[in-house]
4 protein chains.
Amino acid sequence: MTETSGKIVLGPNQYGKAENRVVRVYRDTDRHEIRDLNVSSCLRGAFDDAHTIGDQHAVLPTDTQKQTAYAYATLHGDGSIEDYGLALARHFVDDIAPVDSARIEIEEYAWQRVPVDGVGHDHSWTRVGPEVRTAAITVRGTGSGRREWVIGGVKDLVILKSTGSEFAGFLTDEYTVLEPAQDRILATSLVARWRFATPPADWDAAYTGIRATMIATFATLHSKALQQTLFEMGRAALEAYPCLAEIRLSAPNKHHFAYDLGRFGIENNNEVFHAADRPYGLIQATVQREDAPDAGIAWDPYTGAV
Amino acid sequence: MTETSGKIVLGPNQYGKAENRVVRVYRDTDRHEIRDLNVSSCLRGAFDDAHTIGDQHAVLPTDTQKQTAYAYATLHGDGSIEDYGLALARHFVDDIAPVDSARIEIEEYAWQRVPVDGVGHDHSWTRVGPEVRTAAITVRGTGSGRREWVIGGVKDLVILKSTGSEFAGFLTDEYTVLEPAQDRILATSLVARWRFATPPADWDAAYTGIRATMIATFATLHSKALQQTLFEMGRAALEAYPCLAEIRLSAPNKHHFAYDLGRFGIENNNEVFHAADRPYGLIQATVQREDAPDAGIAWDPYTGAV
Amino acid sequence: MTETSGKIVLGPNQYGKAENRVVRVYRDTDRHEIRDLNVSSCLRGAFDDAHTIGDQHAVLPTDTQKQTAYAYATLHGDGSIEDYGLALARHFVDDIAPVDSARIEIEEYAWQRVPVDGVGHDHSWTRVGPEVRTAAITVRGTGSGRREWVIGGVKDLVILKSTGSEFAGFLTDEYTVLEPAQDRILATSLVARWRFATPPADWDAAYTGIRATMIATFATLHSKALQQTLFEMGRAALEAYPCLAEIRLSAPNKHHFAYDLGRFGIENNNEVFHAADRPYGLIQATVQREDAPDAGIAWDPYTGAV
Amino acid sequence: MTETSGKIVLGPNQYGKAENRVVRVYRDTDRHEIRDLNVSSCLRGAFDDAHTIGDQHAVLPTDTQKQTAYAYATLHGDGSIEDYGLALARHFVDDIAPVDSARIEIEEYAWQRVPVDGVGHDHSWTRVGPEVRTAAITVRGTGSGRREWVIGGVKDLVILKSTGSEFAGFLTDEYTVLEPAQDRILATSLVARWRFATPPADWDAAYTGIRATMIATFATLHSKALQQTLFEMGRAALEAYPCLAEIRLSAPNKHHFAYDLGRFGIENNNEVFHAADRPYGLIQATVQREDAPDAGIAWDPYTGAV
């Protein structure tokens, strides 16, 4: 590392309005539909003067971005978060001169109809979670230079298997005291994000299918490590969905320790566990196609940045 | 208010081990079952010396209470949280001499089997929420002086209806600017706790049925206020379940404000809303039978106290 | 427990607007002052019709309560949260006919001036925490029947001592494996709430002094148990402040476990600890004067209720 | 976007143990010192087999990484988090064969001595926050190929100025309804991270000084936008600390809206505000030296990744 004395300049920068809690109800018939969203918009472009001399002439207020997010929920909101995000991002790039690229990050909270006499109610729901569907749409440039990237995903998908998981044969050193485990609980709170190589026929169906493919793989694969499980989950999704270029997975290993009851004369055959909070293993991996198109700025974050 | 100079003494006190994250797997067959619990134990009794002179002879360590919670998950954990809590509370009152009464508070997190080829998997699940089942069991005294109280409940039950709710005809004063609403979103994150007058045939079935009754009432009742909705939800549950003595409900009015898009020339027919965080209305009510048995110390809190 | 069939009726109920984030700046001179509050108002009274028949004629909207909280921040907000809460509570009881009693719960977030060249800046601050000052004011009745209760407090006061704490001589049973500790870390995140018997000369000074007295006692007392420490903290505060009737303390025992490094040939003389999250001991006690005036409904909660 | 059919392969991956809650007490004299840390370790290297064939021969367990973090707290923990992180990272790269690079992310929670009779107590402290000091150390390669990057930082630094901030002259479009503001509250919860070009003489002093420089700039600069304020904060820090290569800042614009009290006949001269939760503006910028050394993989995240 070497001390430097160079001129101090502005580097990469971006700004927007984060966490607009947009709820869109569809009331075309008595059987309503609902989309419950958390929308963040981010603009990049010719905003140097705002930083270096405090001149706002090129800055579209974040309040304006908020108004736009709600307005577009009416005009373009009757569908998937991917389509809604694309509409918003294209608008900012096309219609706001200083904007070079725009990124829209969306969370969607799921609702299910209240059952009444065995039938889902027309306009009443309960929230379903903890998992949250996510999307991150980036649009850059106009005309023939236009590039678009769509990332779908899920987060806080808590999944557990009570057998069919081992961890053994690992590297050891002088600080290693862990015993190999032949039968353990494997649990995680998955964050998965998949980049589309091409738009699927139906964004919502793709979400449902990718999620289902991954959790079925988690269930049925005998796990030799969380690393292996993640790789196979990603591979299964890529195989089932040729529209995908890559999947990034981040998975805390939510440790469940078999509780020592032997000292009380009680046998514990992997039946009673302590679910620990911290620390946790944290495994992250990308599964991708060798010929995947360039990711460009698809993964450049906004709300998760710095 | 008047200044006082009386002797300073110890008042009500209690202690225990909070938030033991007990996970109980049933592996009697290849088709496992799982109970995922957060267990808090609380003891009351002759613990004055621990406070006033630092003498611990009567204090059963909170670590011991933890060990007991895990041990009892094996011995008595093959069923409902109410039965498990009763076993734990009775143990502390019966077997630990200084204990006059014990309270066990439990949260249960729900899991659903991963669907694989249309069938729920034997040993893999995803978490379901955000709602959490709760129980609070209090046992006091021994022999003929024994009293037991069981409270079941649910919390974080997020429920919304997109029509069928109004709010009008209210009291006004010089600070009132709210306009009456004929058609609004009604949404809450319900906390409901019901005290049993007598044990039901099946604790788990009672939970499922009480919850279902309440949300069906929320869905089908045309609401003139959240107060009315809560009262009718409680009444419906009490009517359907004679084993219940009372229900306490706490419900934030999670405001969804119709977004003003008219200034942009966009019509908003109650289709686009902003979901606000704070402040929120907070409505609390008890629905009870006139001849309900005495609540005694059933509602004296532990983890929610002070 | 016995099944009942009595008439289903409305029991205790209350409502209000929770968590109004009121920020009050004083700009009378260039040296500003700031009060950063979270204000919840709660009304009790003749609101039965709102529940049982959906008639809102007696219901002052929670939106009106919000407006009032902000309005009163101007008119009555130039001082302590206790005085502001009293003004708000008296208003609701005096001026809104159906209201029998009102409760105002307030959190205050502390700020300290940014140091610039060694001097606190006139109008710039950083937040100080994690501790939060609290107040709960209850006013019931009018005229000669008027009663008022004021509770002050602090929450999330995280305090730790790295020696001067032991835990030994405790009760044991068949589930006890804990070893006595002669020298351990004692740490908690304290919630303390004190009820005033009479108003102090200066609410703000009382807060500062009570807090200082308690933490000094925590520091200097050799602890034989968290129970003893809490009792002595409360006693010291009551002795120093005759205006107090009682103090309620709730204290998680934030366990710090000496880490087992001996297996790596490293000596650990109570120098390296693991700070555990859950479970935690949870100790709660009241310290009070024998001749303290009646607490009445002073402790009936609102935002923490059910 | 184009559909692809290439071979599915493992991409970038990393793993470790996150959030080890290491507390280090120094008891060399009766006047103790304390370091309260949250430590995450991350390894990158030849771990393909763990993913693709479930072979763990190269995988050092995350449990071992945990043991190492606690062990190193004894051996190397008597100083700054930057030095401790460097020791840990170098160990993993030097001593664990499959490791190409290691990243250590640390949060440090601050404590201040309890004042007793005007003097800070020897072994009792209260936590100070909400701000948290951070560090992220990356070491790659061995011998002459060794590279090391150190990032220091602070997060959750909540700062507010009650005047001296405007926002005007901005770009408008058909969704712009915001009025220019000549005098507003400016508040944020800052995340700042600075990359060192060269090690400072004293890591702790550098932290204190960089933080102080930034908040003094926030206080004294008349702000024309949060963008400008961030840039000047970063520039001031770089000017004062030649050892820094760049600073990245992420700042939510925590909106404080002047409350409309005019409708109640109450004048509000920027004295009563509503502190809003969501949405919020979110401004992010980098300030850097033109001749800063290559950032390499310094910014590649671990716990914040995906």
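Given the structure is predicted, the values throughout are model-derived calculations rather than measurements.

What exactly am I supposed to notice about the relation of the copies chain B and chain D here?
Between the two copies of this chain, the relationship is a rotation about some axis together with a displacement along it. The transform that puts chain B on chain D rotates by 180° and translates by 0.0 Å along the axis, for an RMSD of 0.0 Å. What the superposition gives is, in effect, a two-fold axis relating one chain to the other. Closest to the rotation axis within chain B is the C-alpha of Asp 277 of chain B, separated from it by 3.4 Å. A high fraction, 90%, of the interface residues of chain B reappear at the interface in chain D, so the copies pair face to face through one surface.

When you look at the relation of the copies chain A and chain D in this model, what are you seeing that I'm missing?
If you rotate chain A by 180° and push it 0.0 Å along the axis, it lands on chain D with an RMSD of 0.0 Å. In this assembly the copies share their binding face: 100% of the residues contributing to the interface of chain A also contribute to that of chain D.

Would you explain the interface of chain A and chain D in this entry?
Put simply, an interface is often sized by how much accessible area is lost when its parts join up. Contacts between the two partners involve 101 residues from chain A, matched on the other side by 101 residues from chain D. With both chains or domains summed, chain A and chain D bury close to 8,300 Å², and 60% of this area falls on carbon and sulfur atoms. At the boundary of chain A with chain D, the tally comes to two salt bridges. Between Glu 19 of chain D and Arg 278 of chain A there is a salt bridge whose closest N-O contact spans 2.8 Å.

I keep staring at the domain arrangement of chain A and nothing clicks. Help me out?
All names here are of chain A. According to the domain assignment, chain A consists of domain 1 (14-145) and domain 2 (154-306). Once you take the C-alpha centre of each, domain 1 and domain 2 turn out to be 29 Å apart. Listed as interface residues are 26 residues of domain 1 and, on the opposing side, 18 residues of domain 2. A combined buried area of about 1,800 Å² lies between domain 1 and domain 2, and 48% of that area is made up of carbon and sulfur atoms. Counting the surface domain 1 buries against domain 2, the share from its top three residues, Arg 103, Glu 131 and Arg 133, is 29%. The interface formed by domain 1 and domain 2 holds four salt bridges in total. The partner of Arg 35 in a salt bridge is Asp 204, and the shortest N-O contact between them spans 2.7 Å. Contributions of two or more residues to the side of domain 1 that touches domain 2 are made by strand E1 (8-26), strand E2 (33-45), helix H3 (81-95), strand E3 (99-116) and strand E4 (119-140). At eight residues, E4 tops the list of elements feeding residues into the side of domain 1 that touches domain 2. Of the residues in the side of domain 1 that touches domain 2, the class split is seven nonpolar, eight polar and 11 charged.

Can you walk me through H3 of chain A in this structure?
Spacing of three or four residues puts side chains on the same side of an α-helix, whose turn is 3.6 residues. All names here are of chain A. For H3, with 15 residues, the first-to-last C-alpha span of 21 Å sits near the 21 Å given by 1.5 Å per residue. With 11 of 15 residues buried, H3 is to be regarded as a mostly interior element. Along H3, the residues classified as buried are Ile 81, Glu 82, Tyr 84, Gly 85, Leu 86, Ala 87, Leu 88, Ala 89, His 91, Phe 92 and Val 93.

It is not clear to me how the side chain of Gln 56 of chain C should be interpreted in this structure. Could you clarify?
Structurally, Gln 56 of chain C is set in the loop between helix H1 (48-52) and helix H2 (62-75). With sequence-adjacent residues up to four places away left out, Gln 56 of chain C is seen in contact with Phe 167, Ala 168, Gly 169, Phe 170, Leu 171, Lys 224 and Ala 225 of chain B together with Ala 50 of chain C.

I tried to follow the interface of chain B and chain D on my own but got confused; where do I start?
Across the boundary between the two partners, chain B contributes 10 residues, which contact nine residues of chain D. Of the roughly 850 Å² buried at the junction of chain B and chain D (both faces included), carbon and sulfur atoms supply 60%. Of the charged contacts in the structure, one is a salt bridge between Asp 277 of chain B and Arg 278 of chain D, with a shortest N-O distance of 2.8 Å. Inspection of the chain B/chain D interface yields two residue pairs in polar contact (both at pLDDT 80 or more). Looking at the side of chain B that touches chain D residue by residue, the classes come out as five nonpolar, one polar and four charged.

Any chance you could explain the nonpolar core here in plain terms?
Soluble globular proteins tend to pack their nonpolar side chains together in the buried interior. Within the largest apolar cluster, 154 residues are counted, with the highest numbers of intra-cluster contacts made by Tyr 84 and Trp 194 of chain A together with Tyr 84 and Trp 194 of chain D. In terms of nonpolar packing, the next biggest core, distinct from the first, is built from 153 residues, Ala 58 and Ile 137 of chain B together with Tyr 72 and Phe 231 of chain C among them.

I would appreciate a short explanation of the side chain of Asn 13 of chain A in the present structure.
By the element assignment, Asn 13 of chain A lies in strand E1. Among the polar contacts made by the side chain of Asn 13 of chain A, one reaches the main-chain carbonyl oxygen of Gly 11 of chain A at a distance of 3.0 Å. Those residues within four positions of Asn 13 of chain A in sequence are excluded, and the remaining contacts are Arg 44, Phe 47 and His 51 of chain A together with Gln 284 and Ala 285 of chain D.

Looking at this structure, I do not really get the pairing of strand E5 (residues 147-161) of chain A. What am I missing?
Successive residues of a regular strand alternate their side chains across the two faces of the sheet. Residue and element names in this part refer to chain A. Most of E5 sits inside the fold, with 12 of its 15 residues counted as buried. As paired strands, E4 and E5 are joined by nine bridges and run antiparallel to one another. Bridge pairing in E5 links Ile 137 to Val 150. In this antiparallel pair of consecutive strands, E4 and E5, the connection spans six residues, and Gly 141 shows a positive phi of 80°.

Rules behind the numbers
- Residues numbered from 1 in each chain as written.
- Chains lettered and ligands numbered in written order.
- Predicted model: local features only at pLDDT ≥ 70, side-chain atom pairs only at ≥ 80, totals over all residues.
- Heavy atoms only, no water.
- Least-squares fit on C-alpha atoms with pLDDT ≥ 70 in both.
- Contact = heavy atoms within 4.5 Å.
- Buried area = accessible area lost by both parts, 1.4 Å probe.
- Salt bridge = Lys/Arg side-chain N within 4 Å of Asp/Glu carboxyl O.
- Domains from an automatic or database assignment.
- Helix = DSSP H or I, 4+ residues; strand = E, 2+ residues; numbered from the N terminus.
- Nonpolar A, V, L, I, M, F, W, Y, C, P; charged D, E, K, R; others polar.
- Expected span 1.5 Å × (residues − 1).
- Buried < 20%, exposed > 50% of the residue type's maximum accessible area, 1.4 Å probe, protein only.
- Polar contact = N/O pair within 3.5 Å; in protein donor to acceptor, adjacent residues only side chain to side chain.
- Core = buried A, V, L, I, M, F, W, Y, C linked by side-chain atoms within 4.5 Å.
- Pairing = 2+ DSSP bridges.

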